[in-house]
Every structure is written in structure tokens, then in C-alpha cells.
Amino acid sequence: MNRVARAFWLDSPGRGEIRDVDLPEPGPDEVLVRALYSGVSRGTETLVFRGGVPESQHTAMRAPFQEGDFPAPVKYGYLSVGVVEEGPGSLTGRTVFCLYPHQTRYVVPAAAVTPVPASVPAGRAVLAGTVETAVNALWDAAPLVGDRIAVVGGGMVGCSVAALLARFPGVRVQLVDADPARAKTAEALGVDFALPADADGECDLVVHASATEQGLARALELLRLEGTVVELSWYGDRKVNVPLGEAFHSRRLTVRGSQVGTVSPARAHRGYGDRLALALDLLADPALDALVTGESPFEELPDVMPRLASGDVPALCHRVRYGDPGPGAHA
């Protein structure tokens, strides 16, 4: 078998290229995966592409199978779905998810891949990492039956949170975004939509994922007395002003950070593998297809990434396609 793969590298901030990679022979506890799809998480990956990861966060921001260092050259990414071509019999031929960068084939420990349920198409499974972030955020937020909830920011993470909240009984969920086009996404996910100025207030909980100062300020305004904002935004190297004046103290508001790098303390008895497996199970819902808003071949990624970073290609999750899925892979 050809042991040369191809991988997408950030050569310098704002410039990517595809490089050849020599693959090792898989060991007894390793698998060789042929990629079917990968996903570009527009918020985090375009921040990396622009070279915007602050030096203080270089270690915290490392992806599990990242090569190189920030700002560049670096091979970065974490939403890969493929078929196991070699490895333990229980995995060979299975469609799996792995937190791997954009690469045509790769060798990883067998423990690093998670089988994709038969009920989940491979093309949708690229959302697993983002849905996992949403699961962790809701473990942190602990919404209750009948809560009034707003999700401010209709990007990939915000929409994933809204999609999961739509399943909670008796909950009022409103997706809030400055882009009116997000109304169609909200409808597909089964939640209400509002522009920031029109959003419903007196919320028990607001999940903020817009990565803007204006969004955070509006999130605080939407809370009831003693309400909580769960902050999911990643601001990179930007300084952010948090509006802690006006009614922040008198209304006894709370801002709580949530980050997928650590399993929520509320579910300390659950491991990373449990959380990811749950996210994949939740992807059986076809409504989540609304989060995949574009697709292109792997070979075009050096041209596509600058357009994603600049906003010329509007996207939630942009899916990267690797050749023919082949027999046995549920696409």
C-alpha cells in the first residue's frame, strides 16, 4: 500500500499549502484511517489561519494531533471522519471519528478513534467535535425544564447548543444573531429566532457564542434577576470589555466560562470518551445537517481557507471531501 499521504499545513499566517506526509506502519494497537470528510470549524480554525492565537494560549490551544507550533508552520484541525483500513478486527472497515487535522490518511492509536453509529452519516459526523462542545456547555449550564433561554451567536457552536436545547421539555429557546439569514437555520433546528434588538428578555440562562463585545453586552441585558451567562466565545488575542456597570451588580448577574478542553465538573464521573460518544449518538438527528453550509474537495483547501477566514465564503461548518467514500462507508 502507498504509505504517502497528503496533509494541509498553515505555512505562514494567511497562507496554506498541501504537503506530502510519509506514514509509518501501524503498530499492534494502532489504526490506519483513510479520510472521508473533515470539517473546518470556522471560528477556531480561521483564527489559527490568521495567526491570531495569543502566545499565552499556545499550549492550551494545541489540537491532539497537531504538528508544528503557533503561529506557523502548523498542521491544525480536529474534525476528521474516515474508514479504518488497517487495525484491530473490531475496527477494520468501521467508519470512525478522530480529532485529527485535514489529511488524506493517518495512523493513530486505536483508542483515539470513536466508531460512528450506523444511524449517523459520515458527512454529518464531522460535527461531532462541535456537538461535544455543546454537550459540555449544557452540562455546565444545567438548564431546567421550563427555562427561558437565549443563545446569542448563531455560529457553529451556538447553533449546536440551540439544537440540543430544542429537545428539552417546556424550554423557550431563542437563537439571537445579527444576521437575518440565520432565521432559516433556526427554523431547521426547531427554535425561534430574533435579531439582537428584538430578543426576548427575562431569560433564566443565556449562552453566549458570538465572540463579540456587543453580543456579550446583549447577553447580559437579556437576563432576569440572578440569571447566568455561560460564555463559550473564544476571543483569541483580542481584548474584550465586559459591561460590569449599570445593572450587573444590582441584578446579581453571573458570567461563567465553559471550555471543551475539560469535562464539566458537573459530570466529573464521565470521561472524554463518554462525552464524544454521546455527541455522536446525538448526531442521528437529521436537523443537524443545517450546520453544514458548504463543501469542497481537499485539494482546494489552500484556496478555500483564506475565503473562509475573510468571510467571502459564509459558513457554519465547511466540509472537506476526500475522494470516493468507497464501499462499506455510510456517507
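Just so it is clear, the structure is predicted and the values come from calculations on it, not from any experiment.

A few words on the overall build of the protein. Helix and strand counts for the protein stand at seven helices and 17 strands. Its C-alpha atoms give the protein a radius of gyration of 20 Å, within 12% of the compact-globule value 20 Å for 331 residues. Overall, the C-alpha framework of the protein stretches about 65 × 40 × 35 Å when taken along its three principal axes. Split into buried and exposed, the 331 residues of the protein put 50% on the buried side.

Here threonine 46 is to be found in helix α1 (residues 42-49). Look at threonine 46 and you get buried, because its relative accessible area is 3%. With residues up to four places along the chain from it excluded, the contact list for threonine 46 reads Ser41, Leu308 and Ala309.

This brings us to helix α6 (residues 272-282). Every buried residue of α6 is accounted for by Arg275, Leu276, Ala279, Leu280 and Leu282. For α6, the buried positions fall inside an angular range of 160° around the axis, keeping them on one side. Its buried side turned inward, α6 meets β7 (95-98), β9 (113-115), α2 (128-141) and α3 (156-165).

Inspection of the entire model under this criterion finds five aromatic pairs. Both rings, one in tyrosine 100 and one in tyrosine 106, keep their centres 4.1 Å apart while their planes meet at 10°; by these two values the pair is stacked. Exposure remark for tyrosine 100: the relative accessible area of 7% places this residue in the buried category. Exposure remark for tyrosine 106: the relative accessible area of 0% places this residue in the buried category. Members of the aromatic cluster, joined through ring pairs, are Phe65, Tyr100 and Tyr106. Sitting above the plane of the tryptophan 9 ring, arginine 19 keeps its charged end 4.5 Å from the centroid. We note arginine 319 situated over the ring of tyrosine 37; from NZ or CZ to the ring centre the distance is 5.3 Å.

Within the fold, leucine 280 resides in helix α6. By relative accessible area, which is 0% here, leucine 280 ends up buried. Sequence separation between leucine 280 and alanine 125 is 155 residues, and the spatial gap between their C-alpha atoms is 6.8 Å. Contacts of leucine 280, omitting those with residues within four sequence positions, involve Phe97, Thr114, Pro115, Val116, Pro117, Val120, Ala125 and Ala128.

Across the protein, the average pLDDT comes to 93, with 97% of residues at 70 or higher. Low pLDDT, under 50, characterises residues 325-331; the predicted model gives this stretch 18 contacts beyond four residues in sequence or across chains.

A separate point is the pairing of strand β1 (residues 4-12). Where β1 lies against strand β2 (residues 15-22), eight bridges are found, and the strand directions are antiparallel. In the sheet register, alanine 7 faces β2, and the bridge partner there is arginine 19. If you look at the hairpin formed by β1 and β2, you'll find two residues sitting between the two strands, and glycine 14 has a positive phi there, around 90°.

This paragraph deals with the sheet that holds strand β14 (residues 223-231). On the basis of which strands lie adjacent, the open sheet formed by six strands has the order β12-β11-β10-β13-β14-β15 and parallel pairing. Every interior strand has two partners, whereas the edge strands, β12 (192-194) and β15 (254-257), have only one. Between one strand and the next, the sheet's axes are offset by a mean angle of 25°, whatever the strand orientation. Where strand β10 (residues 148-152) lies against strand β11 (residues 172-176), five bridges are found, and the strand directions are parallel. Note on β11: the bridge partner recorded for isoleucine 149 is valine 173.

Looking now at the pattern of salt bridges. The full count for this structure, using the stated rule, is 22 salt bridges. The partner of aspartate 204 in a salt bridge is arginine 148, and the shortest N-O contact between them spans 3.2 Å. One end of the pair, aspartate 204, is in strand β13 (residues 203-208); the other, arginine 148, is in strand β10, and 56 residues separate them in sequence. Judged by its relative accessible area of 30%, arginine 148 falls in the partly exposed class. Three or more residues joined by partner-sharing salt bridges are found here, namely Asp11, Arg15, Glu17 and Arg19.

Definitions and limits used
In every chain, residue numbers begin from 1 and rise along the written sequence. Local features are withheld for residues below a pLDDT of 70 in this predicted model, meaning they are given only at 70 or higher, and side-chain atom pairs are given and counted only at 80 or more; totals for whole chains, interfaces and linings count all residues. Note: side-chain values were computed over all heavy atoms of the structure, leaving out hydrogens and water. Strands here mean DSSP runs of E at least two residues long; helices mean DSSP runs of H or I at least four residues long; both are numbered from the N terminus. Each radius of gyration reported is based on C-alpha atoms, and the globular scaling rule is 2.2 Å times the count of residues to the power 0.38. Only protein chains enter the accessibility calculation, which uses a 1.4 Å probe; a residue whose area is less than 20% of its type maximum is buried, one above 50% is exposed, and one in between is partly exposed. Between two residues, a contact is recorded if the distance between any of their heavy atoms is within 4.5 Å. By definition, the arc is the one covered by directions from the helix axis to the C-beta atoms. Ring geometry is summarised as follows: Phe, Tyr and Trp rings, the Trp one being its six-membered ring, pair when their centres sit within 6.5 Å, and such pairs are stacked at plane angles under 30 degrees, edge-to-face over 60 and tilted between the two. In our convention, an over-ring charge means Lys NZ or Arg CZ found within 6 Å of a ring centre and within 35 degrees of that ring's normal. By definition, pLDDT measures how confident the predictor is in each residue, and it falls between 0 and 100. Paired strands, in this sense, are two strands between which DSSP finds at least two bridges. An axis is simply a line fitted to the C-alpha atoms; with a helix, the fit covers only the stretch in contact. Between two such axes, the angle follows the N-to-C directions and lies from 0 to 180 degrees. For this document, the term salt bridge refers to a Lys or Arg side-chain nitrogen within 4 Å of an Asp or Glu carboxyl oxygen.

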